[in-house]
Amino acid sequence: MANRPTRDTSRLLMDQSVPGRVGVVLPESDVPFQQLPDGSLLRAELDLPEVSEPEVVNYFTALSQLNFSIDTNFYPLGSCTMKYNPKINDEVAFLPGFAGIHPLQPAEQSQGALELLYRLQGFLGEITGLNAVSLATLAGAHGEFAGMLMIRAYHLAKGDTARRKVAIPDSAHGTNPASAAMAGFEVVELASDENGNVDMEALQEVAGPDLAGVMITLPSTLGLFDTNIVDVCAVVHEAGGLVYGDGANMNALLGRVKLGELGFDVAHLNLHKTFSTPHGGGGPGAGPVCVGDTLAPFLPAPVVVSDIPGNNGGTDDNTTYALAEPENTIGKMSGFHGNFGVLVRAYTYIRTLGADGMREISGNAVLNANYVMQGLKDAYHLPYDRTCMHEAVFSADWQKSRGVSGLEIAKRLLDYGFHSPTLYFPMIVPEALMIEPTESETLETLDSFIQAMRDIDREVTENPDLVRHAPHTTPVSRLDEATAARQPDLRWKRQTS
Ligand SMILES: *Cc1c(COP(=O)(O)O)cnc(C)c1O
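Owing to the predicted nature of the structure, the values given are computational and were not obtained by experimental measurement.

What follows is about helix α5 (residues 140-157). Between its first and last C-alpha, α5 extends 25 Å over 18 residues, near the 26 Å set by a 1.5 Å rise per residue. Among the 18 residues that make up α5, 13 are buried, leaving the element largely enclosed by the rest of the structure. Directly after α5, the chain includes Gly159, whose backbone phi takes a positive value near 80°.

As structure tokens, this is what we get:
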């Protein structure tokens, strides 16, 4: 690492404690002295590290730099859209009027915040072509779940109890079948055809009176625009079902394609992907759901309404905003009105870039992904050799046949200073390496990434052990990622020996 800290960060702060060393100066006490309570109420050992202020700053700053982040490294984690998050978004979200507002404050004291939410609903409706929007859902998967509950409520409201199945392509993100199953549906897997589109024959087979709907990701998790999509929507509608759009990949379509115009009835957006919010550590996020007229009455509560409908905010100072419950709402999906800070960031992002900027995002995202695809396709197997959208999905099976796996290639990339692409997903591609460069990377970064991938491919032949045992330059090497996520060890404990 270029920036090696002076002090040993492998030693916990507690273990650097030196008796009598202090890092703070407490002010003179201005309250009367009190006796400590009875000794039985006190802990015998209350361990606090005795360290100086520079030691504390040095320690935590060094720790913060041990990991990869979008602010320090290229982060082509496919499907996650780890793009640059403009700092102005944070500055606006931190404005006292936004950061300090309480969700239970009455509407008359929250007009500014409500207006922002109202306008954001309008923008997202415009972007998706699905004009009714609820911002209350807190993640992509949460939006999917809300969408499934709405589809269920829609059929039941018509007295149609036979529609128990939801069909989902085999390339789908794992949250899709999980959300459908949680909403009580039976999940039917839809095959992809040899081009990576939905197989129309397979769809025809499930399109019957028991089909509640399909969930389609557009572009798909293969990074491909399904050229049958209009027909897919028509077949499902013909059979009486509804079409759910997983809009996590909206980065590819912004300003060019509206899901509503293609035939989708409902879609979620991942604001923390397409509309830029720092994410990756598990939140916070926002996954608003956007619907057309059919499902508008079922939206989760609350939605923001204005007394001058259609006024997309700001043109008239006398407009007032309020929270409302859609007529047949599926109910609340979260405590209040969604993750407000993330919504402010998305609003700022959209306003900063404007309509032309939105369109440039998708243009550059798609251009960058195709550039990487072309730069690597002779070295890495490209199972679906078509123009891609915002991400390119390779297989490392050529390398695997030389004894090195996709995982090991991903680990070796860390030595070159790059975060790994998404691995082993989508599941229909063996040894999948799903690369999403995003629009915010420069040509120079893309070139050096392509060079690194090509160098690693050469190492696989010339020195496979170098790749097999990577990474070699990171503070820690191979981690037990499942245990680290499920049973994180975050707290210092006194060694008992
Ligand atoms: C990220 C993602 C999701 C889930 O979104 P979360 O916000 O992580 O719940 C669903 N589908 C696709 C295609 C995604 O990339």
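Alright, that's what it looks like, and here's the rest.
The strand order β1-β7-β6-β5-β4-β2-β3 describes an open sheet built from 7 strands, whose pairing is mixed. Taken across any chain shown, the strands that pair with only one partner, and hence form the sheet edges, are β1 (132-134) and β3 (186-190). Within the sheet, the average angular offset between the axes of one strand and its neighbour, ignoring direction, is 20°. Strand contacts of α5: β2 (165-169), β4 (211-217), β5 (242-247), β6 (266-269) and β7 (289-291), with the helix running at about 175° to β5, the strand carrying the most contacts.

Attention now goes to the site of the ligand. Around the ligand sit 13 residues, and of these Ser79, Gly140, Asp246, His272 and Lys273 come closest. Going through the elements one at a time, α5 and α10 (271-274) are the ones with two or more residues in the shell around the ligand. Class assignment for the residues of the shell around the ligand results in 3 nonpolar, 7 polar and 3 charged.

We now examine the pairing of β5. Across the 6 residues of β5, 6 count as buried, placing the element largely inside the fold. Covered by surrounding structure in β5 are Leu242, Tyr244 and Asp246 together with Val243, Gly245 and Gly247, the residues of both alternating faces. For β4 and β5, the ladder comprises 5 bridges, and the chain directions are parallel. From the neighbouring strand, Val214 faces β5, where its bridge partner is Val243. Once you follow β4 into helix α8 (residues 229-238) and on to β5, the crossover reads as right-handed. Of the strand pairs in this sheet, β5 and β6 are connected by 4 bridges, and their pairing is parallel.

Before going further, it helps to examine the sheet that holds strand β11 (residues 422-423). The strand order β10-β12-β11 describes an open sheet built from 3 strands, whose pairing is antiparallel. One side of each edge strand has no neighbouring strand; the edge strands of this open sheet are β10 (392-395) and β11. Relative to strand β12 (residues 432-435), β11 runs antiparallel, the two sharing 2 bridges. When the bridges of β12 are listed, Thr422 appears paired with Met434. Seen against the sheet, helix α11 (residues 340-376) touches β10 and β12 and runs at an angle of roughly 25° to β10.

With that settled, consider the domain arrangement of the protein. Here the protein is partitioned into domain 1 (89-350) and domain 2 (363-484). Taken over C-alpha atoms, the centre of domain 1 sits 31 Å from the centre of domain 2. Residue-level contacts link 24 residues of domain 1 with 18 residues of domain 2. Carbon and sulfur atoms supply 60% of the area buried between domain 1 and domain 2, which totals about 1,500 Å² over both sides. The interface formed by domain 1 and domain 2 contains 0 salt bridges. If you look at where domain 1 meets domain 2, you find 7 residue pairs in polar contact (both at pLDDT 80 or more). Grouping the constituent residues of the side of domain 1 that touches domain 2 by class yields 8 nonpolar, 12 polar and 4 charged.

Looking now at the packing of helix α13 (residues 406-415) against helix α14 (residues 443-462). Two elements in contact, α13 and α14, have axes separated by 10 Å at closest approach and are oriented at 125°. Overall, the two elements α13 and α14 adopt an arrangement that is oblique. For the element pair α13 and α14, the recorded crossing hand is right-handed. Between α13 and α14, the residues in contact are Ile409, Arg412 and Leu413 and Phe449, Ala452, Met453, Ile456 and Glu459, respectively.

This next bit is on the pattern of salt bridges. Inspection of the entire model under this criterion finds 17 salt bridges. A salt bridge links Glu439 to Lys83, with the shortest nitrogen-to-oxygen separation between them at 2.8 Å. Of this pair, Glu439 sits in the loop between β12 and α14 while Lys83 sits in the loop between α1 (53-64) and α2 (87-93), and the two are 356 residues apart along the sequence. Take Glu439: its relative accessible area is 15%, and that puts it in the buried class. Put simply, Arg454 and Asp378 hold a salt bridge, and the shortest N to O gap is 2.8 Å. In this pair, Arg454 sits in helix α14 while Asp378 sits in the loop between α11 and β10, placing the two residues 76 residues apart along the sequence. The partly exposed category is assigned to Arg454, whose relative accessible area is 29%. Taken together, the shared-partner salt bridges connect Arg412, Asp415 and Glu459 into one network.

Here is what the cut-offs are and how they apply
Residues numbered from 1 in each chain as written. Predicted model: local features only at pLDDT ≥ 70, side-chain atom pairs only at ≥ 80, totals over all residues. Heavy atoms only, no water. Helix = DSSP H or I, 4+ residues; strand = E, 2+ residues; numbered from the N terminus. Expected span 1.5 Å × (residues − 1). Buried < 20%, exposed > 50% of the residue type's maximum accessible area, 1.4 Å probe, protein only. Pairing = 2+ DSSP bridges. Axes fitted to C-alpha atoms, helices over the stretch in contact; angles between N-to-C directions. Contact = heavy atoms within 4.5 Å. Near = heavy atom within 4 Å. Nonpolar A, V, L, I, M, F, W, Y, C, P; charged D, E, K, R; others polar. Right-handed = clockwise from strand over helix to strand, strands pointing away. Domains from an automatic or database assignment. Buried area = accessible area lost by both parts, 1.4 Å probe. Salt bridge = Lys/Arg side-chain N within 4 Å of Asp/Glu carboxyl O. Polar contact = N/O pair within 3.5 Å; in protein donor to acceptor, adjacent residues only side chain to side chain. Parallel < 35°, antiparallel > 145°, perpendicular 65-115°, else oblique. Left-handed = near helix turned anticlockwise from the far one by under 90°.

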